[in-house]
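# Summary of the model geometry
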Amino acid sequence: QVELVESGGGLVQAGGSLRLSCAPSDRSFSSYAMGWFRQAPGKDREFVVNIRLSDGYTYYADSVKGRFTISRDNAENTVFLQMNSLKPEDTAVYYCAARLSPAYFSMTYRVPATYSYWGQGTQVTVSS
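Residues numbered from 1 in each chain as written. Predicted model: local features only at pLDDT ≥ 70, side-chain atom pairs only at ≥ 80, totals over all residues. Heavy atoms only, no water.

### Observations concerning the pattern of salt bridges
Under the convention used in this document: For salt bridges, the criterion is a side-chain nitrogen of Lys or Arg within 4 Å of an Asp or Glu carboxyl oxygen. The rule is simple: take the accessible area with a 1.4 Å probe, protein chains only, and divide by the maximum for that residue type; under 20% is buried, over 50% is exposed, in between is partly exposed.
One pass over the full model with this rule turns up five salt bridges. The residue Arg38 makes a salt bridge to Glu46 at a minimum N-O spacing of 3.0 Å. Look at Arg38 and you get buried, because its relative accessible area is 6%. Look at Glu46 and you get partly exposed, because its relative accessible area is 35%. Two residues, Lys65 and Asp62, come together in a salt bridge whose shortest N-O distance is 3.1 Å.

### A short note on the packing of aromatic side chains
Where two aromatic rings form a pair, the distance of their centres and the angle of their planes describe that pair. The criterion, for reference: Here a pair means two rings of Phe, Tyr or Trp (six-membered ring of Trp) with centres within 6.5 Å. Their orientation is stacked below 30 degrees between planes, edge-to-face above 60, and tilted elsewhere. Elements are defined by DSSP. Helices are runs of H or I of four residues or more, strands are runs of E of two residues or more, and each kind is numbered from the N terminus. Placement of a charge over a ring requires the Lys NZ or Arg CZ to be within 6 Å of the ring centre, with the centre-to-atom vector within 35 degrees of the ring normal.
All told, the structure shown has eight aromatic pairs when counted by the stated rule. A ring pair is formed by Phe37 and Phe47, whose centres lie 5.7 Å apart and whose planes are at 75°; its orientation type is edge-to-face. Of this pair, Phe37 sits in strand β4 (residues 32-39) while Phe47 sits in strand β5 (residues 46-52); the two residues are ten residues apart in sequence, bridging distant segments of the chain. Given a relative accessible area of 3%, Phe47 falls into the buried group. Ring geometry for Phe37 and Trp118: centres 5.4 Å apart, planes at 50°, overall tilted. Here Phe37, found in strand β4, pairs with Trp118, found in strand β10 (residues 117-118); they are 81 residues apart in sequence, far enough to count as distant. Members of the aromatic cluster, each reached through a chain of ring pairs, are Phe37, Phe47, Tyr57, Tyr59, Tyr109, Tyr115 and Trp118. If you follow Arg45 out to its NZ or CZ, it ends over the ring of Trp118, 5.0 Å from the centre.

### Remarks on the sheet that holds strand β1 (residues 4-7)
Cut-off, in case you're wondering: Two strands qualify as a pair provided DSSP detects at least 2 bridges between them. Helix axes use the C-alpha atoms of the stretch in contact, all axes being lines fitted to C-alpha atoms, and the angles between their N-to-C directions lie in the range 0 to 180 degrees.
Here we have four strands laid out as an open sheet, ordered β1-β3-β8-β7, and antiparallel in their pairing. Either end of the sheet is taken by a strand with one partner, and the two such strands are β1 and β7 (68-73). Strand-to-strand twist in this sheet, taken as the mean axis angle between neighbours without regard to direction, amounts to 15°. Summarising the sheet, β1 and strand β3 (residues 18-24) pair through four bridges and their orientation is antiparallel. Across the sheet, the residue bridging to Ser7 is Ser21, located in β3.

### Looking at the state of the cysteines
When the sulfur atoms of two cysteines share a covalent bond, that bond is a disulfide. Applied cut-off: The disulfide definition used here is simple: a pair of cysteine sulfur atoms within 2.5 Å.
Scanning all chains against the criterion turns up one disulfide. Across a sulfur-sulfur distance of 1.8 Å, Cys22 and Cys96 are joined as a disulfide pair. Around the S-S axis, the bridge from Cys22 to Cys96 shows a dihedral of about -90° and counts as left-handed. Placement of Cys22 in strand β3 and of Cys96 in strand β9 (residues 92-100) is noted, with a sequence separation of 74 residues between them.

### Some words on the pairing of β7
Looking at chain direction, β7 and strand β8 (residues 78-83) are connected through six bridges and run antiparallel. Paired with Arg72 across the two strands is Val79, which belongs to β8. With antiparallel pairing between neighbouring strands as the criterion, β7 and β8 make up a hairpin whose turn holds four residues, including Asn77 at a positive phi of roughly 55°.

Printed below as a string of structure tokens:
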């Protein structure tokens, strides 16, 4: 069952940009954190970024800091990921994910198993 709807993937040359979108299909996520993981062939699913919908607080993986920017539209609980200066190593299937925000800081934001809702995935391919 698809619980989050995501779009925006595609094929782009190195240095180019893409914009991903993710929105819940049948739930309210006002108390949730939403973001993306990515998975390349033969590799584990990797945390990319998330945003806390209540206050906009963000976490970025070191590999994308300064290049990717996440934002939110609270009216629709929709999140957007602007990806600039894309590199071939960014090539992966990007999965939108959401979880209930913990009351206090936790390093579990990097752990896929702590996210209860997932999108169908969108392919991002960056050519050299």
